[in-house]
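As a plain string of letters, each chain reads:
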Amino acid sequence: MEAAMGLMRRVPPKHSETALSALLSLLPQHSSDLLSQVDQPLQVLCDVDSGKEFILCEYNRDADSYRSPWSNKYHPPLDDGPYPSAELRKLEIEANDIFAIYCDQYYEGGISSVYIWEDENEGFVACFLIKKDGAKTAHGKRGCLQEGSWDAIHVIEVGPVEDETARYCLTSSVMLSLTTNNDSSGTFNLSGSIRRQMNMELSVAEGHLCNMGKMIEEMESKLRNSLDQVYFGKTKEMVCTLRPPSEIIEMRLPDS
């Protein structure tokens, strides 16, 4: 199992579904652990009742149906699927409206979905999802890549309120994949994933949504910086070492 998880951490996100399928065939006894621990690129489905798209994941799935956060209905229809309580459903509706604005302001387009459900510790769990397609054929703003996607998964465990405070445990994963194809750079592919965790105890005076939003905003900033330093920074360093820019080559050439 440890070797399988190590392999999945090194597989490009665009090939993770194929790799996971192969591992499930090889290790059927670990299928539940693999499915719960391995993040896959997010898929999207259209809610015919609301006309809005929503993101599919393990947290809104029951059997082969997925619950839409917009209409609170399963697609395809499911008679006995689990639903959040009336109180959590109200919080879920508000979270989806706010997170859609966050997605538009920070990502200039994209699709977002929020799912909330009860846990066993008298608290609740919230899952915030973002999928941004940056390809030329995408509907989002600034689509300039041949292929490109940003998939963000934020899962927050919220403990029961004690003395006007609650404990929040945020686990965030980001999967990045981009491909360029132009005359200046040719075909270039860069992809990878990163996961981080954050724990905080915060006052609930301003509400759970405010606290969760601040944590996600801070975490996404850290993840973007890490991706910039690890993936883009190291790639630029390697490319400039193997193929120095023309001005550096000219400086190294002796005067004729």
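Only a predicted model underlies this, so the values are computations on that prediction, with no experimental measurement involved.

(A) Examining the sheet that holds strand S5 (residues 74-75) more closely. Judged by pairing direction, the sheet is antiparallel, and its three strands sit side by side in the order S3-S4-S5 without closing on themselves. Edge positions in the sheet fall to strand S3 (61-62) and S5, since each has one partner strand and no second.

(B) Spatial organisation of the packing of helix H4 (residues 86-107) against helix H5 (residues 208-242). For the pair H4 and H5, the least separation of the axes is 12 Å and the interaxial angle reads 30°. In terms of orientation, H4 and H5 fall into the roughly parallel class. The two elements H4 and H5 cross, and the hand of that crossing is right-handed. Across from Leu91, Glu94, Ala95, Ile98, Phe99, Tyr102, Tyr106 and Tyr107 in H4, the residues of H5 making contact are Leu209, Ile216, Glu217, Glu220 and Arg224. For the contact of H4 with H5, the per-class residue count stands at nine nonpolar, no polar and four charged.

(C) Just H4, in detail. Taking 1.5 Å per residue, 22 residues should reach 32 Å; H4 reaches 31 Å between its end C-alpha atoms and fits that length. Within the span of H4, buried status applies to Leu88, Arg89, Leu91, Glu92, Ala95, Asn96, Phe99, Tyr102, Cys103 and Tyr107. When H4 is viewed along its axis, its buried side chains cluster within an angular range of 145° and face the same direction. Residues of H4 that are exposed and point over 90 degrees away from its buried face: Ala86, Lys90 and Gln105. Structurally, H4 contributes buried residues whose contacts are with strand S4 (65-67), strand S6 (111-118), strand S7 (124-133), strand S8 (147-158) and H5. Where H4 ends, the next residue or the one after it, glutamate 108, has phi of about 50°, a positive value.

(D) Geometry of unusual backbone geometry. Here the residue pair histidine 75 and proline 76 is connected by a cis peptide bond, since its omega of -10° sits within 30 degrees of zero. Looking at the element boundaries, proline 76 is found in the loop between S5 and H4. Backbone geometry at aspartate 163 places phi at a positive 55°, although glycine is not the residue there. Mapped onto the elements, aspartate 163 comes out in the loop between S8 and strand S9 (165-182). The backbone of glutamate 164 shows a phi angle near 65°, a positive value even though the residue is not glycine. Structurally, glutamate 164 can be placed in the loop between S8 and S9.

Cut-offs used in this document
Each chain carries its own residue numbering, running from 1 in the written order of its sequence. Totals for whole chains, interfaces and linings use every residue, but because this is a predicted model, local features are given only for residues with pLDDT of at least 70 and side-chain atom pairs only at 80 or more, for both listing and counting. For side-chain calculations, the full set of non-hydrogen atoms in the structure is used, while hydrogens and water are omitted. Only strands that DSSP links by at least two bridges are regarded as paired with each other. Helix and strand labels come from DSSP, where a helix needs a run of H or I of at least four residues and a strand needs a run of E of at least two; each type is numbered from the N terminus. What counts as an axis is a line fitted to C-alpha atoms, over the stretch in contact for a helix, and the angles between N-to-C directions run from 0 to 180 degrees. Throughout, the term roughly parallel applies to angles under 35 degrees, roughly antiparallel to angles over 145, roughly perpendicular to angles from 65 to 115, and oblique to all others. Take the far helix as your reference; a near helix turned counterclockwise from it by less than a right angle gives a left-handed crossing, and one turned clockwise gives a right-handed crossing. Whether two residues are in contact is decided by their heavy atoms: any pair within 4.5 Å suffices. Note that Gly is not counted as nonpolar here; it falls among the polar residues with everything else outside the nonpolar set of Ala, Val, Leu, Ile, Met, Phe, Trp, Tyr, Cys and Pro and the charged set of Asp, Glu, Lys and Arg. Here the expected span of a helix is defined as 1.5 Å times the quantity of residues minus one. Burial classification: accessible surface area is computed with a 1.4 Å probe over protein chains only, and a residue below 20% of its type maximum counts as buried, one above 50% as exposed, and the rest as partly exposed. It is the directions from the helix axis to the C-beta atoms that the arc portrays.

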